[in-house]
Amino acid sequence: MKDKLKLFFNRLGASCSKASSWIHEKFFYLLSHHDFYICFVIITILSCVLRYSVFDCIRGDYTNFLKPWYKTIYENGVSALGYTIGDYTPAYYYLLYIISLFKFDPESMQVLYGIKYISCIFDFLLAVFVYFIVEEITKSKHKALIAYIGVNFGITIFLNSALWGQCDSIYTAFIAMSLYYLLRGKQRKSLICYGVSFSFKLQAIFILPLYIILFLRKNLKFRYFIYIPLVYLCFALPSCIVAPNFFVRLGDIMMVYINQSANSYQQLTLNAGSLYGLIFTNFKEEKFISAFSVPLAIALIGTFIYFIYRSKEEFSKTTYVKIVTLFALVFPYLLPHMHERYFYVADVVIIVYAILNPKKIYVAACALINSLIGYMAYLWGISFIPLAGDSSRSASFRFGALLYLIAIIVVSYDLFKEIYPHGLDDQEKEEENIPC
């Protein structure tokens, strides 16, 4: 009996040894041949865990806006889409309607989870297309993976969707798609994706100057711009069809962004480290400043567009990213009445910029810290710079606005150094020598 047991355990040990060797061999085979994809999956799983860990958090925007909008749709069904529920375009309300089909009670946490699930899905879609953009430019899967990680774990990016429940990842994901297809030379797809982005949020105009510049340089056909209003109209049609009056509802939808601008907050800055956060107190109203600040911002942005389009240099794919980065930074910095969330597009594209320009990673740090300061103030009511009294918040916003200004200056210098390698004066001399 002892001999049989000894033989059994010897054979068992031999089998375990062989199994261990087989597992060891297969593990390192998979690791050596598929390590990239294993890393990709692990990063995705960890980012899911990170987001889910803050799903229970509730903030004022959900209580005051998102939940009442959902409740209206839940109680009235598809007919609710034919009315003005809030100040968003119909595109977002269609997503709330999809959630309502699951019959989640408006007071349940399932509604909050559903809203956050949608935003987080677009988080990953955004990260994937950022990956594609970096891979398209660098031809490096590893640099693209770094970009994917940066977007998945960008603190303001996951706070925006998973904790706050905001939808900025949706329109920004379509901006990323638009830029990717533009880099691939697929202009029709690019403008269609941009039209989808614009159909969700007005802040999509932050990258519109890139398309204007390419049109002025005869690198983009004018007929493709028609896709922007066409896509917007396509998103409007379902709401108009279920409305009591088709044309009245259509008129309301066409006026959404105009009404948003006209009825926007009067404060110069709302938790945003913008130019006005650098000068004025947070949430301070200055009607005189507001009156001329928008024309001033448009004039400055127009100046950037003018000098960029007049460059005689060929624009590379990296140049496109630099242009997008510049305007994503400049728009929310110069315009008044900006919220902290309006830096979202810049938070994403600055990651791409840093990967393409590793020596300028501090620029990304400057921009992201400024954005984070606003999130800290709104989400937790804490200041980045701990000082006594209310001065800590003002000091924090001014510090962030100063960092952001440094980022704008560096990106501007980097771009203009590339497109005007010999300076503006040399280009003017070249133009004077061109025979008529």
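Residues numbered from 1 in each chain as written. Predicted model: local features only at pLDDT ≥ 70, side-chain atom pairs only at ≥ 80, totals over all residues. Heavy atoms only, no water.

A. Quick peek at the overall build of the protein chain. Scanning the protein chain from terminus to terminus reveals 19 helices and two strands. Classification of the 436 residues of the protein chain by burial places 50% in the buried group. Within the protein chain, contacts between residues at least 6 apart in sequence are counted, and of these 74% link residues at least 24 apart. (Helix = DSSP H or I, 4+ residues; strand = E, 2+ residues; numbered from the N terminus. Buried < 20%, exposed > 50% of the residue type's maximum accessible area, 1.4 Å probe, protein only. Contact = heavy atoms within 4.5 Å.)

B. Fine view of the pattern of salt bridges. Tallying each qualifying case throughout the model produces nine salt bridges. With a closest N to O distance of 3.8 Å, Glu136 and Lys139 form a salt bridge. For Glu136, a relative accessible area of 14% translates into the label buried. The closest approach of N and O atoms between Glu418 and Lys322, which form a salt bridge, is 2.7 Å. Here the residue Glu418 occupies a position in helix α18 (residues 391–419), and Lys322 occupies one in helix α15 (residues 317–334), the gap between them amounting to 96 residues. Accessibility expressed as a relative area gives 6% for Lys322, which makes it buried. (Salt bridge = Lys/Arg side-chain N within 4 Å of Asp/Glu carboxyl O.)

C. Spatial organisation of empty space enclosed by the protein. In total, this model carries one cavity of 30 Å³ or more according to the counting rule given. Its boundaries defined by the atoms lining it, the largest cavity holds a volume of some 120 Å³. Lining the largest cavity are 14 residues; nearest its centre among them are Ile133, Leu179, Val348, Val349 and Val352. Per-element accounting of the lining of the largest cavity gives the leading share, four residues, to helix α7 (residues 168–183). Considered class by class, the residues forming the lining of the largest cavity number 12 nonpolar, two polar and no charged. (1 Å grid on protein atoms, 1.4 Å probe; cavity = no way out; pocket = protein on both sides within 12 Å on 5 of 7 lines; lining within 4 Å. Points joined across faces, edges and corners; volume = space filled by probe spheres on them. Nonpolar A, V, L, I, M, F, W, Y, C, P; charged D, E, K, R; others polar.)

D. Region of interest: the state of the cysteines. Under the counting rule described, the total for this entry stands at zero disulfides. Here Cys48 stays unpaired: no disulfide links it, and the sulfur of Cys120, its closest cysteine neighbor, is 8.1 Å away. (Disulfide = S-S within 2.5 Å.)

E. Quick look at the side chain of Asp168. By the secondary structure assignment, Asp168 is in helix α7. Exposure remark for Asp168: the relative accessible area of 0% places this residue in the buried category.

F. Layout of the packing of helix α6 (residues 155–163) against helix α16 (residues 344–356). At their nearest, the axes of α6 and α16 sit 9 Å apart, and the two run at 140 degrees to each other. Between α6 and α16, the interaxial angle falls into the category oblique. Once α6 is placed against α16, the crossing between them reads as left-handed. Between α6 and α16, the contacting residues are Thr156, Ile157 and Asn160 on the first element and Tyr344, Asp347, Val348 and Ile351 on the second. (Axes fitted to C-alpha atoms, helices over the stretch in contact; angles between N-to-C directions. Parallel < 35°, antiparallel > 145°, perpendicular 65-115°, else oblique. Left-handed = near helix turned anticlockwise from the far one by under 90°.)

G. Structural view of the layout of surface pockets. One number sums up the size of the second largest pocket: a volume of about 220 Å³. In this structure, the second largest pocket is lined by Ile146, Gly150, Ile351, Ala354, Ile355, Pro358, Ile361, Ala364 and Leu368. Looking at the lining of the second largest pocket, the elements with two or more residues in it are α5 (141–153), α16 and α17 (361–379). Of the residues belonging to the lining of the second largest pocket, the class tally is eight nonpolar, one polar and no charged.

H. View of the nonpolar core. The biggest cluster of nonpolar side chains holds 139 residues, and the ones touching the most others in it are Tyr92, Ile170, Ile308 and Phe327. At 16 residues, helix α4 (residues 109–138) tops the list of elements feeding residues into this core. Setting aside chain neighbours within four positions, we find Tyr92 in contact with Leu66, Ile115, Gly165, Cys167, Ile170 and Phe200. (Core = buried A, V, L, I, M, F, W, Y, C linked by side-chain atoms within 4.5 Å.)

I. Up close: helix α10 (residues 227–241). With 15 residues, α10 ought to run about 21 Å at 1.5 Å a step, and its terminal C-alpha atoms sit 21 Å apart, in line with that. Of all the bends in α10, the greatest, near 30 degrees, is centred on Phe235, and the proline Pro238 appears no more than four residues after it. When α10 is considered as a whole, its buried residues turn out to be Ile228, Val231, Tyr232, Ala236, Ser239 and Cys240. (Expected span 1.5 Å × (residues − 1). Bend = angle between axes of the 7 residues up to and from the residue.)

J. Looking closely at the side chain of Thr325. One can find Thr325 in helix α15. Those residues in contact with Thr325 that lie beyond four places of it in its chain are Val349, Ile350, Tyr353 and Val411.

K. Examining the confidence of the model for the protein chain more closely. Scored by pLDDT, the protein chain has a mean of 89; 88% of the residues are at 70 or more. Helix α19 (residues 423–433) is the least confidently modelled element of the protein chain, averaging 62 in pLDDT, while α7 averages 98, the highest of any element. (pLDDT = per-residue confidence, 0-100.)

L. Highlighting α5. With 13 residues, α5 extends 18 Å from end C-alpha to end C-alpha; this agrees with the ideal 18 Å at 1.5 Å per step. Restricting attention to buried positions, one finds in α5 the residues Ala144, Leu145, Ala147, Tyr148, Val151 and Asn152. For α5, the buried positions fall inside an angular range of 160 degrees around the axis, keeping them on one side. Facing away from the buried side of α5, by more than 90 degrees, are the exposed residues His142 and Ile146. (Arc of directions from axis to C-beta.)

M. Structural detail: the packing of aromatic side chains. Here the structure, examined in full by the defined rule, presents 44 aromatic pairs. Here a set of aromatic residues connected by ring pairs shows up, and it is made of Phe36, Tyr37, Phe40, Phe129, Tyr131, Phe132, Tyr148, Tyr180 and Tyr181. Taking NZ or CZ as reference, Arg51 lies 5.3 Å from the ring centre of Phe124, over its face. The ring of Phe36 has Lys141 sitting right over it, with the charged end atom 4.7 Å from the ring centre. (Phe/Tyr/Trp six-rings, centres within 6.5 Å; stacked < 30°, edge-to-face > 60°. Lys NZ or Arg CZ within 6 Å of the ring centre and 35° of its normal.)

N. Structural context of unusual backbone geometry. A positive phi angle, close to 65 degrees, is found at Lys218, a residue other than glycine. Using a relative accessible area of 78% as the deciding quantity, one classes Lys218 as exposed. The backbone of Asn271 shows a phi angle near 60 degrees, a positive value even though the residue is not glycine. Topologically, Asn271 is positioned in the loop between β1 (269–270) and α13 (275–279).

O. Molecular detail of the packing of helix α2 (residues 60–76) against helix α3 (residues 90–100). Where α2 contacts α3, the two axes come as close as 9 Å, and the packing angle between them is 65 degrees. In this structure, the crossing between α2 and α3 has a hand that is right-handed. Residue-level inspection shows Leu66, Trp69, Tyr70, Ile73 and Tyr74 of α2 in contact with α3, the latter providing Tyr92, Tyr93, Leu96, Tyr97, Ile99 and Ser100. When grouped by side-chain class, the residues that make up the contact of α2 with α3 number 10 nonpolar, one polar and no charged.

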